[in-house]
Amino acid sequence: MPSVFIKTYGCQMNERDSEAVAAQLVAKGYVLAKSEAAADVVLLNTCSVRDFAEQKAINKMGNILGTARSEQRTQITGFMGCMAQSRGRELIDRLPDVDLVLGTQKFHRAAEYLDELLAGKRDKIVDVEAEAKSEATIREHLLNGSAKTSVSAFVSIMQGCNQHCTFCIVPATRGEERSRTIPDIVAECRELAARGVREITLLGQIVTSYGRREQRDIWQVTSDMKQPAEPHETPLCHSSLSTLHSSPFVQLLEAVHEIDGLERIRFTSPHPKGYGDDLVAAYARLPKLCESAHLPLQSGSDRLLKLMHRGYTREKFLGLTRKLRRARPGIGLTTDIIVGFPGETEEDFEQTLSLCREVEFDNAYIFKYSPRRDTPAAAMPDQVPVAVREERNHRLLDLVNDIAARKYDAFIGRQVQILVEGPSRKNAARYTGRTRCNKIVLFDGGERHRGQLMDVKIERTGSFTLYGDPAIVNV
Ligand code: SF4
């Protein structure tokens, strides 16, 4: 049987797509190789968010092809994912030994195309066409793979984004928003729960827009689920306290919440303007929805938020953080911030710093602005010099780290509930779990702890890590 090695660049969506492709290939009889050198097929699942990520994947493929040539090995190689979608045939023009270029709506065709290439029926395949219903094809899981996947799983609920932020290439690589139906997603989550998964993270490029284009169609029944009488009523609602009309995304959360055996629900990536009052209220009334919210801020300056086409103001964002903290005290808040967006002045940057001081995020992922071809921001005037981007990156990082260290230190002496995912990747003698507010906790544990919800007392902290002792509270 042919062996395959998949290397993934980029975000959790890409990780999930790679897992679905691997599961598809395993079901067709492929075996998963431990390294690229040992594989008959090597696929690179690529990221286009920054130029650096694209160059890294191209260089990697160049090395793979060079090594195979010098060792006189025959290997089928392919690019898939975002860069495959945006560059298409150009990748084969640049690296003529590459056999396959598979776009973001074609992951489910991987096995069929690889079979043709391995059998010598076709020489090169480039497929980056749009395909209706492809959003429903990222479905299969490799649950007996890593420790993490058997306890906690990612479920893709939608593809694409219609927001068109001026810096972002995602609408071009992932296409228009397309959502799976609620019964389809719930059926996948139920299967996962039946196989021992206790935590599900709902995934998409902009999950808070889930189902907005499809509205009533999100309830198309493909299983034995109940259908709501009215599309905006809260169907299968966990709590009768809900009086708000729910958005499709909240309807989905409520439906997933009903699944027996599932203990925790998370989601990523949301958009701040998608946190309507119904979603904020869901945090207060759906106990399985973990008290953790990612709110991609991008900038604290209204002028820049407008240039970025983000669709909210600084004040609205601050109001949202207050509402969430009222709904779920102790909620963990994280964010993404871009420094050095075109036209960003020192004053704009100060606005970002002051917002971070006010909100006190638990963590922030900071990105130095990187121009992406075919995005409006790349052609904007007043591009910020690289040295200024670097300097602002360091200043913001220092502030975010200081705040986070204080927030992590405040956990010392507290008892928290964790879901144990498995051995730590860095030290197999330690086990790793996650708090409901999404903080990693390390403790001296064993295989018997995997998949358990348990209480630990936090004894000390490290960099974005808590160290706990379960023995103290589980005597
Ligand atoms: S909402 Fe997110 S994925 Fe969509 S365009 Fe903006 S940054 Fe990109």
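Right above here is the structure, for reference.
Anyway, here's the lowdown on the structure attached to this text. (Residues numbered from 1 in each chain as written. Predicted model: local features only at pLDDT ≥ 70, side-chain atom pairs only at ≥ 80, totals over all residues. Heavy atoms only, no water.)

As for the overall build of the protein
Moving on, step 1. Assigned secondary structure in the protein consists of 15 helices and 19 strands.
Moving on, step 2. What you see for the protein is a C-alpha radius of gyration of 23 Å, in line with the 23 Å of a compact globule of 475 residues.
Moving on, step 3. Overall, the C-alpha framework of the protein stretches about 60 × 55 × 50 Å when taken along its three principal axes.
Moving on, step 4. With 475 residues in all, the protein has 56% of them scored as buried.
Moving on, step 5. Sequence-distant contacts in the protein: of pairs separated by 6 or more residues, those separated by 24 or more amount to 71%.
Moving on, step 6. Of the roughly 20,500 Å² of accessible surface on the protein, a fraction of 50% belongs to carbon and sulfur atoms. (Helix = DSSP H or I, 4+ residues; strand = E, 2+ residues; numbered from the N terminus. Rg over C-alpha atoms; globule rule 2.2 N^0.38 Å. Buried < 20%, exposed > 50% of the residue type's maximum accessible area, 1.4 Å probe, protein only. Contact = heavy atoms within 4.5 Å. Areas by Shrake-Rupley, 256 points an atom, 1.4 Å probe, with all protein chains shown as cover.)

Some points on the sheet that holds strand β3 (residues 41-46)
Moving on, step 1. Reading across from one edge, β2-β1-β3-β4-β5-β6 is the order of the six strands in this open sheet, with parallel pairing throughout. Bordering the open sheet on either side are β2 (31-32) and β6 (125-127), each of which pairs with just one other strand.
Moving on, step 2. Two elements, strand β1 (residues 3-8) and β3, share five bridges in a ladder whose sense is parallel. By the bridge assignment for β3, Ile-6 is matched with Leu-43.
Moving on, step 3. Contacting β1, β2, β3 and β4 (76-81), helix α1 (residues 12-27) runs over the sheet at an angle of about 175° to β1.
Moving on, step 4. Most of the contacts of helix α5 (residues 110-118) go to strand β5 (residues 100-102), to which it runs at about 170°, and overall it touches β3, β4, β5 and β6. (Pairing = 2+ DSSP bridges. Axes fitted to C-alpha atoms, helices over the stretch in contact; angles between N-to-C directions.)

Notes on the site of the ligand
Moving on, step 1. The ligand sits among Cys-161, Gln-163, His-164, Cys-165, Phe-167, Cys-168, Val-170, Pro-171, Ile-206, His-271 and Arg-310.
Moving on, step 2. Considered class by class, the residues forming the shell around the ligand number seven nonpolar, three polar and one charged. (Near = heavy atom within 4 Å. Nonpolar A, V, L, I, M, F, W, Y, C, P; charged D, E, K, R; others polar.)

Quick word on the packing of aromatic side chains
Moving on, step 1. For the structure on display, the rule yields eight aromatic pairs.
Moving on, step 2. Aromatic side chains Tyr-312 and Phe-317 sit 6.0 Å apart centroid to centroid with 35° between the ring planes, which places their arrangement in the tilted category.
Moving on, step 3. Overall, the relative accessible area of 8% leaves Tyr-312 in the buried class.
Moving on, step 4. For Phe-317, a relative accessible area of 1% gives the class buried.
Moving on, step 5. Chaining the aromatic ring pairs together yields one cluster made of Phe-249, Phe-267, Tyr-275 and Tyr-283.
Moving on, step 6. Above the ring of Tyr-9, the side-chain terminus of Lys-7 is found at 5.4 Å from the ring centroid.
Moving on, step 7. Positioned above the aromatic ring of Phe-411 is the side chain of Arg-414, whose terminal nitrogen or guanidinium carbon lies 4.3 Å from the ring centre. (Phe/Tyr/Trp six-rings, centres within 6.5 Å; stacked < 30°, edge-to-face > 60°. Lys NZ or Arg CZ within 6 Å of the ring centre and 35° of its normal.)

Overview of the packing of helix α10 (residues 277-285) against helix α12 (residues 314-327)
Moving on, step 1. Where α10 contacts α12, the two axes come as close as 8 Å, and the packing angle between them is 30°. Overall, the two elements α10 and α12 adopt an arrangement that is roughly parallel. Of the two possible hands of crossing, α10 and α12 adopt the one that is right-handed. Residues Asp-277, Val-280, Tyr-283 and Ala-284 of α10 lie in contact with α12, whose contacting residues are Leu-320, Lys-323, Leu-324 and Ala-327.
Moving on, step 2. Residues of the contact of α10 with α12, tallied by class, amount to six nonpolar, no polar and two charged. (Parallel < 35°, antiparallel > 145°, perpendicular 65-115°, else oblique. Left-handed = near helix turned anticlockwise from the far one by under 90°.)

Quick look at unusual backbone geometry
Moving on, step 1. With omega at -5°, the peptide bond leading from Thr-268 into Ser-269 counts as cis.
Moving on, step 2. Inspection of the secondary structure puts Ser-269 in the loop between β11 (264-268) and α10.
Moving on, step 3. Residue Lys-133 is not a glycine yet carries a positive backbone phi of 70°.
Moving on, step 4. When you line up the elements, Lys-133 lands in the loop between β6 and α6 (147-151).

A look at the sheet that holds strand β14 (residues 363-368)
Moving on, step 1. The strand order across the open sheet formed by three strands is β12-β13-β14, and the pairing between neighbours is parallel. Looking along the sheet, the strands with just one partner apiece sit at the ends: β12 (292-294) and β14. Sheet twist, expressed as the mean angle between neighbouring strand axes with direction ignored, is 15°.

Re the environment of Ile-6
Moving on, step 1. Examined against the element boundaries, Ile-6 turns out to sit in strand β1.
Moving on, step 2. Sequence-wise, Ile-6 and Val-41 are 35 residues apart; in three dimensions their C-alpha atoms are separated by 8.4 Å.
Moving on, step 3. Contacts of Ile-6, omitting those with residues within four sequence positions, involve Ser-18, Val-21, Ala-22, Leu-43 and Met-80.

Remarks on the pattern of salt bridges
Moving on, step 1. Taken as a whole and judged by the stated rule, the model has 44 salt bridges.
Moving on, step 2. Across the salt bridge formed by Glu-131 and Lys-106, the nearest N and O atoms sit 2.7 Å from each other. Of this pair, Glu-131 sits in the loop between β6 and α6 while Lys-106 is found in the loop between β5 and α5, placing the two residues 25 residues apart along the sequence.
Moving on, step 3. When its relative accessible area of 6% is taken as the criterion, Lys-106 is described as buried.
Moving on, step 4. Between Asp-444 and Arg-430 there is a salt bridge, with its nearest N and O atoms 3.8 Å apart. Of the two residues, Asp-444 sits in strand β17 (residues 440-444) while Arg-430 sits in strand β16 (residues 430-435), which places them 14 residues apart along the sequence.
Moving on, step 5. For Asp-444, a relative accessible area of 62% translates into the label exposed. (Salt bridge = Lys/Arg side-chain N within 4 Å of Asp/Glu carboxyl O.)

What about the side chain of Arg-139?
Moving on, step 1. You can see Arg-139 is positioned in the loop between β6 and α6.
Moving on, step 2. In terms of polar contacts, Arg-139 uses its side chain to reach the side chain of Asp-184, at 3.5 Å.
Moving on, step 3. Non-local contacts of Arg-139, meaning those with residues more than four positions away in its chain, are made with Arg-16, Ala-20, Arg-180, Asp-184, Ala-187, Glu-188 and Glu-191. (Polar contact = N/O pair within 3.5 Å; in protein donor to acceptor, adjacent residues only side chain to side chain.)

With respect to the nonpolar core
Moving on, step 1. If you look at the biggest cluster of nonpolar residues, it comprises 63 residues, and the most contacted ones within it are Ile-157, Leu-202, Phe-249, Phe-267, Leu-324 and Leu-396.
Moving on, step 2. Among the nonpolar cores identified, the runner-up in size contains 23 residues, and Leu-102, Phe-107, Ala-110 and Leu-142 belong to it. (Core = buried A, V, L, I, M, F, W, Y, C linked by side-chain atoms within 4.5 Å.)

Some remarks on the pairing of strand β15 (residues 415-423)
Moving on, step 1. Where β15 meets strand β18 (residues 453-462), five bridges bridge the pair, whose relative direction is antiparallel. Residue pairing in the sheet places Gln-417 in a bridge with Asp-455 of β18.
Moving on, step 2. Relative to β16, β15 runs antiparallel, the two being bridged by five bridges. Bridging across to β16, Leu-419 finds its partner in Arg-434.
Moving on, step 3. Turn length for the β15-β16 hairpin, with the two strands adjacent in sequence and antiparallel, is six residues.

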